[in-house]
Amino acid sequence: KAGVTQTPRYLIKTRGQQVTLSCSPISGHRSVSWYQQTPGQGLQFLFEYFSETQRNKGNFPGRFSGRQFSNSRSEMNVSTLELGDSALYLCASSLERQGNEQFFGPGTRLTVL
Amino acid sequence: GNSVTQMEGPVTLSEEAFLTINCTYTATGYPSLFWYVQYPGEGLQLLLKATKADDKGSNKGFEATYRKETTSFHLEKGSVQVSDSAVYFCALSVGSGNTPLVFGKGTRLSVIA
């Protein structure tokens, strides 16, 4: 069974631009979560989608948004990029009611110049 | 709130040495506890988990026991290998279903031959 895939793997943007990251969950997984990983703050939860609805949300500004499609694929968008948005963005998928076991993708490394 | 504290790294060990990485937690409610591992350039992989007090999670020679009385979930391995070099994250999740993971800051382990 294929794992969680994320595209692109690397991205370089400049301040003020916007970016869209994509995540394809494991087949059959309907829950997709996004995390931001930085050296200073560590791993922080952004949001979780289930059946095309945002079910949980972390403490990030409104510039960070996401959505999920009917095939469970998810995208996250960051508008008006800031230098501090440079991070590894990780996507994780899980089955409904599978305890809390989440399977992570390799991440998208975003660099904001 | 919910939080996880794990020992600061980096930890450097010789091959076949004994490993302990300390993890303590604070949680409102009864958490599930996890250890994730991140190899260079990759996403996170679930290493082991425990969902109730006194449970022992184990995988690939690693073990951790859920200690409710000391709110701890220390990771141990009897004999580390060079291939164990990675960053290890302790995490918790409170509630049923797919609730967000709360991570510790991570501990980098380097094993030298």
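Data block above holds the structure.
Our subject in this report is the structure included herewith. (Residues numbered from 1 in each chain as written. Chains lettered and ligands numbered in written order. Predicted model: local features only at pLDDT ≥ 70, side-chain atom pairs only at ≥ 80, totals over all residues. Heavy atoms only, no water.)

1. Some details on the overall build of chain A
Rules: Where helices and strands are cited, they refer to DSSP runs of H or I of at least four residues and of E of at least two residues respectively, numbered from the N terminus. The buried label applies to any residue whose accessible area, calculated with a 1.4 Å probe on protein chains only, is under 20% of its type's maximum; exposed applies above 50%, and partly exposed to all values in between. Any two residues whose heavy atoms approach within 4.5 Å at even a single point are treated as in contact.
Check the secondary structure of chain A and you find zero helices and 11 strands. N-terminal to C-terminal, the α/β element order of chain A is β-β-β-β-β-β-β-β-β-β-β. Counting only C-alpha atoms, chain A reaches 40 × 25 × 25 Å along its principal axes. When the 113 residues of chain A are sorted by exposure, 50% land in the buried category. Intrachain contacts of chain A at a sequence separation of at least 6 include 53% that bridge at least 24 residues.

2. Points about the interface of chain A and chain B
One frequently used descriptor of interface size is the decrease in accessible area upon assembly of the parts. The condition that has to hold: What counts as buried area is the accessible surface, traced by a 1.4 Å probe, that two parts surrender upon association, with contributions from both included. Residue type decides the class: Asp, Glu, Lys and Arg count as charged, Ala, Val, Leu, Ile, Met, Phe, Trp, Tyr, Cys and Pro as nonpolar, and the leftover types, Gly among them, as polar.
The interface is formed by 25 residues belonging to chain A together with 20 residues belonging to chain B. Both sides together, the interface formed by chain A and chain B hides about 1700 Å², and carbon and sulfur atoms give 47% of it. Within the residue set of the side of chain A that touches chain B, elements represented by two or more residues are strand 4 (31-38), strand 5 (42-50), strand 6 (53-57) and strand 9 (87-94) of chain A. Of the residues forming the side of chain A that touches chain B, the biggest block, four residues, is contributed by strand 5 of chain A. Taken together, the residues of the side of chain A that touches chain B sort by class into eight nonpolar, 11 polar and six charged.

3. Side note on the state of the cysteines
Residues and elements named next belong to chain A. To keep things clear, this is the line we draw: Disulfide assignment relies on a single distance test, namely cysteine sulfur atoms paired within 2.5 Å.
The final tally for this structure, using the stated rule, is two disulfides over all chains. Linked covalently through their sulfurs, Cys-23 and Cys-91 form a disulfide whose S-S length is 1.7 Å. Taking the sign of the S-S torsion, about -55° here, the bridge from Cys-23 to Cys-91 comes out left-handed. Linking Cys-23 in strand 3 (residues 19-24) with Cys-91 in strand 9, this pair joins segments that are 68 residues apart in sequence. Both residues of the pair, Cys-23 and Cys-91, count as buried.

4. Focus: the packing of aromatic side chains
For clarity, the threshold we go by: Pairing of aromatic side chains here covers Phe, Tyr and the six-membered ring of Trp, requires ring centres within 6.5 Å, and sorts the geometry by plane angle: under 30 degrees stacked, over 60 edge-to-face, intermediate tilted.
One pass over the structure, following the stated rule, counts 13 aromatic pairs over all chains. Summarising the aromatic geometry, the rings of A:Phe104 and B:Phe103 are spaced 6.3 Å apart at their centres and angled 70° between planes, so their arrangement reads as edge-to-face. Of this pair, A:Phe104 sits in strand 10 (residues 103-104) while B:Phe103 sits in strand 11 (residues 102-103), on two different chains. Aromatic side chains B:Phe62 and B:Tyr88 sit 5.6 Å apart centroid to centroid with 40° between the ring planes, which places their arrangement in the tilted category. Taken as a pair, B:Phe62 in strand 8 (residues 62-65) and B:Tyr88 in strand 10 (residues 86-94) lie far apart in primary sequence, 26 residues in all. Assigned by exposure class, B:Phe62 and B:Tyr88 land together as buried. Three or more aromatic residues joined by ring pairs make a cluster, and in this case those are A:Tyr35, A:Phe45, A:Phe104, B:Phe34, B:Tyr36, B:Phe89 and B:Phe103.

5. As for the pattern of salt bridges
Where charged atoms from two side chains of opposite charge approach closely, those side chains can pair. All names here are of chain A. For the record, the criterion: For salt bridges, the criterion is a side-chain nitrogen of Lys or Arg within 4 Å of an Asp or Glu carboxyl oxygen.
The full count for this structure, using the stated rule, is nine salt bridges over all chains. Residue Glu-75 pairs with Arg-73 through a salt bridge whose shortest N-O separation is 3.3 Å. By sharing partners, the salt bridges in this structure join Arg-63, Glu-82 and Asp-85 into a single network.

6. Topic: the sheet that holds strand 3 of chain A
All names here are of chain A. Just so we agree on the cut-off: Pairing between strands is defined by DSSP: at least two bridges between them are needed. For helices, the axis comes from a line fit to the C-alpha atoms of the stretch in contact; other axes are also lines fit to C-alpha atoms, and the angle between any two N-to-C directions lies between 0 and 180 degrees.
Read from one edge to the other, the open sheet built from four strands follows the order 1-3-8-7, with strand pairing classed as antiparallel. Strand pairing shows two members of the sheet lacking a second neighbour, strand 1 (5-7) and strand 7 (64-68), which therefore form its edges. Direction aside, the axes of adjacent strands within the sheet are offset by 20° on average. Bridge count for strand 1 against strand 3 is three bridges, and the pairing is antiparallel. What sits directly across from Thr-5, in strand 3, is Ser-24.

7. Thoughts on the pairing of strand 5 of chain A
Residue and element names in this part refer to chain A. The element strand 5 is largely enclosed, with a buried count of eight among its nine residues. Direction of pairing for strand 4 relative to strand 5: antiparallel, over a ladder of eight bridges. Paired with Tyr-35 across the bridge in strand 5 is Phe-45. Remark: three residues form the turn of the hairpin made by strand 4 and strand 5, two consecutive strands paired antiparallel. Between the antiparallel neighbours strand 5 and strand 6 lie two residues, among them Ser-51 with a positive phi of about 45°.

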